[in-house]
Amino acid sequence: MSNFARREFLTGAAVLAAATTAAFLKSEEAEGGDTSFMNNVPDPSLSGKDLPTFKFALEKSEGKVIGKSFGKEATVEQLPISKGIAGVSMRIEPGAMRELHWHATAAEWAFVLEGRVRTTVIDPHGNSETNDFNAGDVWFFPRGHGHMLECLGNEPCQFILIFDNGYFSEFGTFSISDWIGHAPKSLLAKNFGLPESAFNGFPKEEVYFARGAVPPEKPATPLQGLKLPPQTHKYELLEQAPHAEFKGGREWRVDSTRFPISTTITGVVLDLEPGSLRELHWHPTADEWQYVISGKISVSMFGSHGRYRTEELEKGDVAYIPQGYGHSIENIGSTPCRILIGLNTGVYQAIDLSQWIAGNPVDVLATNFGMPAALFEKFPKKDVFIADQQGR
Ligand code: MN
Ligand code: MN
């Protein structure tokens, strides 16, 4: 081949390759998928011979404490595998408030464990919404939207926050007192059309948990009057009927199909009776973050290449399963257990092992495992989802 012909040939091949790649990417996009995985750059924490730990004892950690309020976090700092999701356990004492702040790098989803909470959130259209929450309720604040959380009534409240970014941290959290405390008074005076003296006595450092009077039972109207957003930030998860009920347990689930504003997080509450199992499954489109509300569980994780790991979790522990990794949850205690699960997707997807097997002809299964076809006739013909102690 002459140099000229070679050049022509290579150019033609390169053009063809580029066109093919572009067409492929385009068809992937058309299906609504995220194409970033096609780079398939191995995550160093997941490409070793063995799987790393995927458990962290969140409630045993100290966290940030002010008075009787605290915030304990699980980010990549505490649980390196958890790159896609971070979580915080927060308790606020009566009269205290998690001050006005926003998260630059994550949306916030929450589940109230106990007590009552009030939130006010602002959106980029200037709409604000105030909501009151009881145990079992959920909120969602899109990335960057300013909000505050305060304890209602005379009992403390506690809730679990889930963020759709494992690198979420205090450095990605912007508090109003921190900002105002570090801006010159002359700038603030011009900004608000007030004398500089109006800013005398403002906190100079971040307040984080502000403490004052117990809020009024009925929220007061905002300075600007009522200007409500089109979509609510509140969802009463445990007020709904479970979407799945079995002899061995039940599950509540909420994603954007039921709670439209929650476009990046799905929440699940899973109850398992002693000995029961949420079967082997995986999530094609999401990482999973687990928090044990009560009971004792064994979580298994399958990471390909013969890599398999099990962790035992108790009340207050968290676990993390990367996107696409096989896993299961089994109640190994003597009492019922309850697990809060967050997935970083607005549309829930899962494939259960029993369903996968049921979706194949017996001859395929017989050949795959080198076992008699008759054996596979005995396998479940539909999704198991939750198996009880006897495997029923
Ligand atoms: Mn927040
Ligand atoms: Mn799962």
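Let us look at the structure shown here. (Residues numbered from 1 in each chain as written. Chains lettered and ligands numbered in written order. Predicted model: local features only at pLDDT ≥ 70, side-chain atom pairs only at ≥ 80, totals over all residues. Heavy atoms only, no water.)

Things to note about the sheet that holds strand E9 (residues 138-141)
Sheet strands line up and pair through hydrogen bonds in the backbone, either parallel or antiparallel.
Consideration 1: Read from one edge of the open sheet, 7 strands run E2-E3-E4-E11-E6-E9-E14, paired in antiparallel fashion. Lying at the two open borders of the sheet, with one neighbouring strand each, are strand E2 (64-66) and strand E14 (234-235).
Consideration 2: Pairing between strand E6 (residues 108-114) and strand E11 (residues 157-163): 6 bridges, direction antiparallel. In the sheet register, Trp-109 faces E11, and the bridge partner there is Ile-162. (Pairing = 2+ DSSP bridges. Helix = DSSP H or I, 4+ residues; strand = E, 2+ residues; numbered from the N terminus.)

Some remarks on the coordination of the manganese ion (ligand 1)
Consideration 1: Protein-derived ligands of the manganese ion (ligand 1) are His-101 (NE2), His-103 (NE2), Glu-108 (OE) and His-147 (NE2), with the metal-ligand distances lying across 2.0 to 2.2 Å.
Consideration 2: Sequence positions of the donors to the manganese ion (ligand 1) reduce to the motif H-x1-H-x4-E-x38-H. Neither residue differs from the other here; His-101 and His-103 are each classed as buried. (Donors = N, O, S within 2.8 Å, 3.2 Å for Na, K, Ca; no water. Buried < 20%, exposed > 50% of the residue type's maximum accessible area, 1.4 Å probe, protein only.)

Brief notes about the nonpolar core
Consideration 1: Core analysis: the largest hydrophobic core is formed by 51 residues, its most contacted members being Trp-109, Trp-289 and Leu-340.
Consideration 2: The dominant element in this core, judged by the number of residues it contributes, is strand E24 (residues 337-343), at 5 residues.
Consideration 3: Counting contributing residues per domain, this core is built from domain 1 (55-235) and domain 2 (240-387), each supplying no fewer than three.
Consideration 4: Excluding residues that lie within four positions of it along the chain, Trp-109 makes contacts with Val-138, Trp-139, Phe-140, Ile-160, Leu-161, Ile-162, Val-254, Ser-262, Ile-265, Gly-267 and Leu-340.
Consideration 5: Val-88, Ala-106, Val-112 and Trp-139 belong to the second-largest nonpolar core, a separate cluster that totals 22 residues. (Core = buried A, V, L, I, M, F, W, Y, C linked by side-chain atoms within 4.5 Å. Domains from an automatic or database assignment. Contact = heavy atoms within 4.5 Å.)

Quick notes on the coordination of the manganese ion (ligand 2)
Consideration 1: The coordination sphere of the manganese ion (ligand 2), as far as protein atoms go, consists of His-281 (NE2), His-283 (NE2), Glu-288 (OE) and His-327 (NE2), spread over 2.0 to 2.2 Å.
Consideration 2: Each donor residue of the manganese ion (ligand 2) belongs to the same chain, and together they define the spacing H-x1-H-x4-E-x38-H. The same class applies to His-281 and to Glu-288, which are both buried.

Examining the pattern of salt bridges
Consideration 1: Under the definition given, this model contains 16 salt bridges.
Consideration 2: For the salt bridge of Glu-114 with Arg-91, the shortest nitrogen-to-oxygen distance reads 3.5 Å. Here Glu-114 is found in strand E6, whereas its partner Arg-91 is found in strand E4 (residues 86-92), with 23 residues between them in sequence.
Consideration 3: Given a relative accessible area of 37%, Glu-114 falls into the partly exposed group.
Consideration 4: A salt bridge links Glu-217 to Arg-116; the nearest nitrogen and oxygen atoms lie 2.8 Å apart. On the criterion of sequence distance, the pair formed by Glu-217 in the loop between strand E13 (209-211) and E14 and Arg-116 in strand E7 (residues 116-122) is long-range, its members being 101 residues apart.
Consideration 5: Taken together, the salt bridges that share partners define one network made up of Glu-245, Arg-250, Asp-271, Glu-273 and Arg-338. (Salt bridge = Lys/Arg side-chain N within 4 Å of Asp/Glu carboxyl O.)

Section: the environment of Ala-286
Consideration 1: Tracing the backbone through its elements, the reader meets Ala-286 in the loop between strand E18 (277-282) and strand E19 (288-294).
Consideration 2: When the C-alpha positions of Ala-286 and Pro-322 are compared, they lie 7.5 Å apart, and in sequence the two are 36 residues distant.
Consideration 3: If near-sequence neighbours (up to four positions away) are discounted, Ala-286 is found in contact with Pro-322, Gln-323, Gly-324, Leu-343, Asn-344 and Thr-345.

Note that all results are geometric; they support no functional claim without further evidence.
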